[in-house]
Amino acid sequence: TTHFFHNHDDGTVSPSNSTTMEPNTAVWPLDVAVPGVLPRVSEEAVKAAVLTAAACQCEIPKESRFERKHYAYADLPLGYQVTQQRWPLASNGVLTCRRVLPGVV
């Protein structure tokens, strides 16, 4: 049996998929977006994102925000997604890639 676990910012770990557990025993309030339970941004993830943005020569604003975008899709039972569409962490960066072809020097 394969078990998948989700690490939370508060140090707890919740099983997010298991074929051997009883129904509704692997549910974590943050994972199911219970009203009043808001996700928190990982400080390490933000630091890594800013370093990556700087490496890509992005514009990094002093303020960045997350917003909820509400939808009514069958595969989106909570009815929303989190986005940074209007206030992104970084924008207008450059990533240069070189295509390597076999046998071409």
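Residues numbered from 1 in each chain as written. Predicted model: local features only at pLDDT ≥ 70, side-chain atom pairs only at ≥ 80, totals over all residues. Heavy atoms only, no water.

*Asks:* Please clarify how the overall build of the protein chain should be interpreted in this entry.
*Replies:* Looking only at helices and strands, the protein chain has one helix and four strands in total. Sequence-ordered secondary structure for the protein chain, helices as α and strands as β, is β-β-α-β-β. Scored against the burial criterion, the 105 residues of the protein chain give a buried share of 10%. For the protein chain, restricting intrachain contacts to residue pairs at least 6 apart in sequence, the fraction spanning at least 24 positions comes to 37%. Total accessible area computed for the protein chain in this model is approximately 8,900 Å², and 56% of it derives from carbon and sulfur atoms. (Helix = DSSP H or I, 4+ residues; strand = E, 2+ residues; numbered from the N terminus. Buried < 20%, exposed > 50% of the residue type's maximum accessible area, 1.4 Å probe, protein only. Contact = heavy atoms within 4.5 Å. Areas by Shrake-Rupley, 256 points an atom, 1.4 Å probe, with all protein chains shown as cover.)

*Asks:* Sorry, what's going on with the packing of aromatic side chains here?
*Replies:* Two aromatic rings, taken as a pair, are described by how far apart their centres are and by the angle between their planes. Evaluation of the coordinates by the stated rule reveals zero aromatic pairs. Over the ring of Trp 87 we find Arg 65; its NZ or CZ atom is 4.5 Å from the centre of that ring. (Phe/Tyr/Trp six-rings, centres within 6.5 Å; stacked < 30°, edge-to-face > 60°. Lys NZ or Arg CZ within 6 Å of the ring centre and 35° of its normal.)

*Asks:* What exactly am I supposed to notice about the environment of Arg 86 here?
*Replies:* As for its placement among the helices and strands, Arg 86 is situated in the segment after strand E4 (80-83). A relative accessible area of 56% places Arg 86 in the exposed class. A distance of 2.4 Å separates polar atoms of two side chains, one belonging to Arg 86 and the other to Glu 67. (Polar contact = N/O pair within 3.5 Å; in protein donor to acceptor, adjacent residues only side chain to side chain.)

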